[in-house]
Number of protein chains: 2
Amino acid sequence: MTKIALSQRQAAQAALELPKALRLHIGLFGKRNAGKSSLINRLTGQNLSIVSDIPGTTTDPVEKACELHPVGPVVFIDTAGIDDTGELGALRVGRSLSVMQWVDLALVVIDAAAGISADDENLLASIRTRGIPAIAVLNKADRVSNEAASALARSPALADLSALPVSSLTGAGIEELRGQIARTVSETWQPDRPLTEGLVPRGGLAVLVTPIDFGAPKGRLIQPQTQTIRELIDQGSRCIVVREDQVAGTLSELRRKPDAVITDSQAIKAVAEQVPEDIALTTFSILMARSKSDLTALARATPFLNALRPGERILISETCSHNPQGEDIGRVKIPNWIAQKQGGAMDVDIAVSKDFPSDLRPYKMVIQCGGCMVTRRHMLARLRECIAQGVPMTNYGLAISELQGVLDRTLSPFPEALAAYRSEREKLEQSGEL
Amino acid sequence: MTKIALSQRQAAQAALELPKALRLHIGLFGKRNAGKSSLINRLTGQNLSIVSDIPGTTTDPVEKACELHPVGPVVFIDTAGIDDTGELGALRVGRSLSVMQWVDLALVVIDAAAGISADDENLLASIRTRGIPAIAVLNKADRVSNEAASALARSPALADLSALPVSSLTGAGIEELRGQIARTVSETWQPDRPLTEGLVPRGGLAVLVTPIDFGAPKGRLIQPQTQTIRELIDQGSRCIVVREDQVAGTLSELRRKPDAVITDSQAIKAVAEQVPEDIALTTFSILMARSKSDLTALARATPFLNALRPGERILISETCSHNPQGEDIGRVKIPNWIAQKQGGAMDVDIAVSKDFPSDLRPYKMVIQCGGCMVTRRHMLARLRECIAQGVPMTNYGLAISELQGVLDRTLSPFPEALAAYRSEREKLEQSGEL
């Protein structure tokens, strides 16, 4: 059936669902035919995936958002078998492994009847190396004796993991698995940090600045704005939503100073001119960096922007392929600003969606988008990879503030990040690199 | 392939698309195998539907949002053949005809090689009766001579329609059809009216009130709020988003009066107490009624709420099946308020999504939701049907204001609707029905 369409009803439902990026991401990994798809079906009680006896039915990772009792809203990611063969198979295995980097929890699905294979052992090693929280699921337990299943669970290869015998066929062990998922998650999950924490107190007032050139179609707001408005309402704070040419006018109409002005990065220069120095000013993108990643680490890397030389290679990394209206911020505006400041064009690569390269050494610098569509663990995994390979990573918002000469100002609500930024800048200045 | 899943990338894209309800809806109607699905594929250049030679492949109406040059953002609705047979077939035909009521444009797809059948003539009669803008598409024109196609286009059955020979197979006539769609639409489309028109001037200031009990999951706002914020930004106006317990405090912090206070209906009573009489006050739901339907007609029907007697049958009509958090407004709160006011419970039927009954005579009254997920034509079709059958139709927002005793206040920004409401109320009072 190629007829794939969301009814208006389903679309309505989707709009009323928790955004995917705020859900816990659970990846299923294992050999072909270990029963990953049927395990998802059993856990969710729905027939989401093709379940067949032909090994390797799951090619691209398939994501399914649902409610998993007693864990809450999750996204299951069903991956290709790690023992896939051939050229295409190798590609699929590569994709499965790259998914692994940013899941919040890995379920390692092992065919209990087949035992632990060399592929399974390699998989477990990758998970250990990357420090991914994991549970071993000994699937098809209905095909072995209880004794055999217990012995398998106690095998040295699984020594540091919870290992549970489960049967997707009969449902045996599924409740125990749900409970174990909930326990593991409660100890390890890294959800987004609140966007406005420490910036707007409960009952406070924020001014949110939205540029006229909007980047979202009629009837919509972009995700960071929606999330910020919602978070402020939830904590009993208020916000005034204005355009960049109305900031000064709005401030003069208020009897009190707002606790903060938060602007779209692209309008930061115009807005900074209108906001008195004694009012905290930052950007949505900097708040996203703090919520989704490590703001201090990203701030520390930002001065390297000024050490770039024309022709050097940089990576612009986006986590979703949106359809930007007008000039694209990552592909056009940021590269142009760098070229202007550094006196010549850079050699720019673009990584879209989940195609973050594993070898980052060709790049002098990585500039990452806000990541509003992905999880915190995903963003932290990218940052960790950059740090491990010695490539400075900043994000769109920090880069734009820096290139507009206002980063001292937009970072000042976050003293630790500001200090890291300044100290790195000084180091570079002293070393003569700037 | 039953593996249907949106990737994170697609989900991101969907979030950045124009909401479906703001798109032009084009329905395709005709006999089985007249080539409706292949025509959509040819018009959009995508392989969206199953195209097969087995008559009747399209069972449920399938909707597909896309960009149609030179028309703009549209939703195509592919319906089941009107000549479908058997019990299930009759159901499908019924569904196709009910879709017809709310499309903005009907493409009547006729197999040029087969000529105009009795089924086609019945279909054309239904379309005429309902006053639906329509174009006749003489498909499979590649199978007949140009003369035969022209003769067919001039046949008396199509006298009042534009009729175009088209071949989905070769693409002949497709450009002409696109042009004709654009022309017909420019004359007949009834897009939503702006929500805040006449209420908040350009450069003005609105206070938007959001209840604490939110009805949308973390990280989201409900559609009427998002649309209102976006519309205000687009027209250079500003808004302050506050909770219902912060309205008075916020007003006291402003050096100027806002142009309007717009509140979630559920908080209207608490908000009305905080807003001075000289500031316009209304609800999102009343704005939706004006944007999507005929506010005056709905207001005129609202006093009938007070003439309901316990045990009488009413219809609560929702256009989407959301997953409400907490107490449902349509299913629980409104019926409870009516029962309280009228001294006993009503006999309440619920119509969900597109299952609006064709026979409304069993109902003393219809209470319709805001319709934020559907088109204006859809809402007007429902209203027209109610008026034709002599059943008063109001909407959630008007009903809530009325039941809370504040409808004179929340309608006062709309003098025509207020006058209609008051005059009907007086009539009912004089006739002794209230």
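First, a word on scope: everything that follows refers to the structure included in this document. These numbers were taken from a predicted model, which means no experiment stands behind them.

1. Some words on the nonpolar core
Then comes step 1: Within the largest apolar cluster, 84 residues are counted, with the highest numbers of intra-cluster contacts made by Ile-229 and Leu-411 of chain A together with Ile-229 and Leu-411 of chain B.
Then comes step 2: The contacts of Ile-229 of chain A, once residues within four sequence positions are left out, are Leu-208, Leu-221, Cys-239 and Val-241 of chain A together with Leu-221, Ile-229 and Val-241 of chain B.
Then comes step 3: With 64 residues, the next largest nonpolar core counts Ala-272 and Ile-334 of chain A together with Leu-251 and Ile-367 of chain B among its residues.

2. Some details on the sheet that holds strand β13 (residues 365-368) of chain A
Residues and elements named next belong to chain A.
Then comes step 1: The strand order across the open sheet formed by four strands is β12-β11-β13-β14, and the pairing between neighbours is parallel. Edge positions in the sheet fall to β12 (347-351) and β14 (393-395), since each has one partner strand and no second. Direction aside, neighbouring strands of the sheet carry axes that sit 25 degrees apart on average.
Then comes step 2: Pairing geometry for strand β11 (residues 313-317) and β12, over five bridges, is parallel. The residue bridging Ile-314 from the neighbouring strand is Val-348, located in β12.
Then comes step 3: Its contacts with the sheet place helix α14 (residues 396-403) against β11, β13 and β14, and it is angled at close to 85 degrees to β14.

3. Observations regarding the sheet that holds strand β7 (residues 205-210) of chain A
Then comes step 1: Reading across from one edge, β10(A)-β9(A)-β7(A)-β8(A)-β8(B)-β7(B)-β9(B)-β10(B) is the order of the eight strands in this open sheet, with mixed pairing throughout. Both edges of this open sheet fall to β10 (280-283) of chain A together with β10 (280-283) of chain B, since each of them pairs with a single strand only. Within this sheet the neighbouring strands show an average axis-to-axis angle of 20 degrees, counted without direction.
Then comes step 2: Here four bridges tie strand β7 (residues 205-210) of chain B to strand β9 (residues 260-263) of chain B, and the two strands are oriented parallel to one another. Among the inter-strand pairings, Ala-206 of chain B is bridged to a residue of β9 of chain B, identified as Ala-260 of chain B.

4. Things to note about the pairing of strand β5 (residues 134-139) of chain A
Residue and element names in this part refer to chain A.
Then comes step 1: The element β5 is extensively covered by neighbouring structure, given that six of its six residues are classed as buried.
Then comes step 2: On β5, burial covers both faces: Ala-134, Ala-136 and Leu-138 on one face and Ile-135, Val-137 and Asn-139 on the other are all buried.
Then comes step 3: Bridge count for strand β4 (residues 105-111) against β5 is six bridges, and the pairing is parallel. By the bridge assignment, Val-108 is partnered in β5 with Ala-136.
Then comes step 4: A crossover links β4 with its parallel partner β5, the connecting element being helix α4 (residues 118-130), and its sense is right-handed.
Then comes step 5: In terms of strand pairing, β5 meets strand β6 (residues 162-165) through four bridges, oriented parallel. Bridge assignment links Ala-136 to a residue of β6, and that residue is Ala-163.
Then comes step 6: In terms of handedness, the path from β5 via helix α5 (residues 146-153) over to β6 forms a crossover that is right-handed.

5. Some remarks on the pattern of salt bridges
Then comes step 1: Summed over the entire model, instances satisfying the criterion amount to 46 salt bridges over all chains.
Then comes step 2: Here Arg-309 of chain B and Glu-312 of chain B are joined by a salt bridge, their closest N and O atoms 3.9 Å apart.
Then comes step 3: Taken together, the salt bridges that share partners define one network made up of Arg-32, Asp-83, Asp-84 and Arg-92 of chain A.

What counts, and at which threshold
Residues numbered from 1 in each chain as written. Chains lettered and ligands numbered in written order. Predicted model: local features only at pLDDT ≥ 70, side-chain atom pairs only at ≥ 80, totals over all residues. Heavy atoms only, no water. Core = buried A, V, L, I, M, F, W, Y, C linked by side-chain atoms within 4.5 Å. Buried < 20%, exposed > 50% of the residue type's maximum accessible area, 1.4 Å probe, protein only. Contact = heavy atoms within 4.5 Å. Pairing = 2+ DSSP bridges. Helix = DSSP H or I, 4+ residues; strand = E, 2+ residues; numbered from the N terminus. Axes fitted to C-alpha atoms, helices over the stretch in contact; angles between N-to-C directions. Right-handed = clockwise from strand over helix to strand, strands pointing away. Salt bridge = Lys/Arg side-chain N within 4 Å of Asp/Glu carboxyl O.

Purely spatial values, then, with no claim about function.
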